[in-house]
Structures are given as C-alpha cells and as structure tokens.
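Spelled out from the first residue to the last, the chains are:
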Amino acid sequence: YEQRLFHEQRGVARGPDDRVAPLLLRAATMGGAAALGLHAGTLERGAVADLAAIDLDAPALVGATAETRPEALVFGGGPEVVRGTWVDGVPSDSLA
C-alpha cells in the first residue's frame with residue numbers, strides 16, 4: 001500500500017512478466033521460506049515438502065485458464081479451493 005501511495009497508482013508490485021499474482025505466490029512460498037531460513041518453497045530434492053492441493057474444479061476457479069489461474073487463486077480463492085495439505089511430506093488432517 002505504501003508503494004501505491006508513493007507512486008499514486010495501483011498495481012505497482014508486479015513481477016518481471018508485469019503480473020501481480022505470480023509475484024505474490026513466489027513471495028508467499030520461496031520468500032517466506034527464505035525469511036524463515038528454511039530450504040522450502042520450491043519442489044526440489046532435499047527441500048521441506050509443505051504442499052497444498054488445489055481443487056481446479058472449485059467454483060472460484062471455474063473458467064480460469066493455466067495463464068489466469070494464479071490471479072483466480074490469489075484474488076478469488078479461499079479455503080474452499082484447498083483439497084488437501086501436506087506438512088513435511090505428511091498428509092495433514094486439518095481440513096477434515
């Protein structure tokens with residue numbers, strides 16, 4: 001919000017592809033892991049496996065394409081789009 005006020009425009013936080021949602025997803029995953037000093041936030045050997053399965057048929061995501069899905073998820077999705085979660089590779093029953 002500070003950048004929005006400073007620049008007197010909306011959407012100033014954008015990634016190299018000029019999109020906001022992918023930037024926010026990266027900040028929440030890889031950025032969050034880095035801030036905590038964890039080897040996580042990415043799918044690679046040796047990284048902590050904290051995952052969320054997204055229901056692509058959830059009403060909030062209907063009509064979203066592969067290109068627009070990040071925006072639909074970040075700005076329109078809520079807990080109802082999460083089908084399951086895993087913490088350190090172990091299924092979590094927090095959604096049950």
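Everything below is about the structure printed above this text.
Here the structure is a predicted model, which is why all the values come from computation and not from measurement. (Residues numbered from 1 in each chain as written. Predicted model: local features only at pLDDT ≥ 70, side-chain atom pairs only at ≥ 80, totals over all residues. Heavy atoms only, no water.)

A.B. asks: If you had to explain the overall build of the chain to someone new, which residues and values would you point to?
C.D. replies: When helices and strands are tallied, the chain shows three helices and three strands. Listed N to C, the secondary structure of the chain is α-α-β-α-β-β in terms of helices and strands. Counting all 96 residues of the chain, 17% fall into the buried class. Here the analysis covers contacts within the chain between residues at least 6 apart in sequence; of these, 44% occur between residues at least 24 apart. (Helix = DSSP H or I, 4+ residues; strand = E, 2+ residues; numbered from the N terminus. Buried < 20%, exposed > 50% of the residue type's maximum accessible area, 1.4 Å probe, protein only. Contact = heavy atoms within 4.5 Å.)

A.B. asks: Could you give an account of the environment of Leu25, with specific residues and numbers?
C.D. replies: Residue placement: Leu25 occurs in helix 2 (residues 21–36). A relative accessible area of 32% means that Leu25 is categorised as partly exposed. Between the C-alpha atom of Leu25 and that of Pro70, which follows or precedes it by 45 residues, the distance is 7.8 Å. Residues within four places of Leu25 in sequence aside, it is in contact with Pro70 and Val74.

A.B. asks: Could you give an account of the side chain of Asp55, naming the residues involved and the relevant values?
C.D. replies: On the secondary structure map, Asp55 appears in the loop between strand 1 (51–54) and helix 3 (69–76). A polar contact is formed between the side chain of Asp55 and the backbone nitrogen of Asp57, at a distance of 2.9 Å. Excluding residues within four positions of it along the chain, Asp55 makes contact with Leu61, Val81 and Arg83. (Polar contact = N/O pair within 3.5 Å; in protein donor to acceptor, adjacent residues only side chain to side chain.)

A.B. asks: Please give an account of the sheet that holds strand 3 (residues 90–92) that cites residues and values.
C.D. replies: Read from one edge of the open sheet, three strands run 1-2-3, paired in antiparallel fashion. Looking along the sheet, the strands with just one partner apiece sit at the ends: strand 1 and strand 3. The mean angle between the axes of side-by-side strands here comes to 30 degrees, regardless of whether they run parallel or antiparallel. Taken together, the three bridges between strand 2 (residues 82–87) and strand 3 define a ladder with antiparallel strand orientation. Residue pairing for strand 3: Thr85 is matched across the bridge by Ser92. (Pairing = 2+ DSSP bridges. Axes fitted to C-alpha atoms, helices over the stretch in contact; angles between N-to-C directions.)

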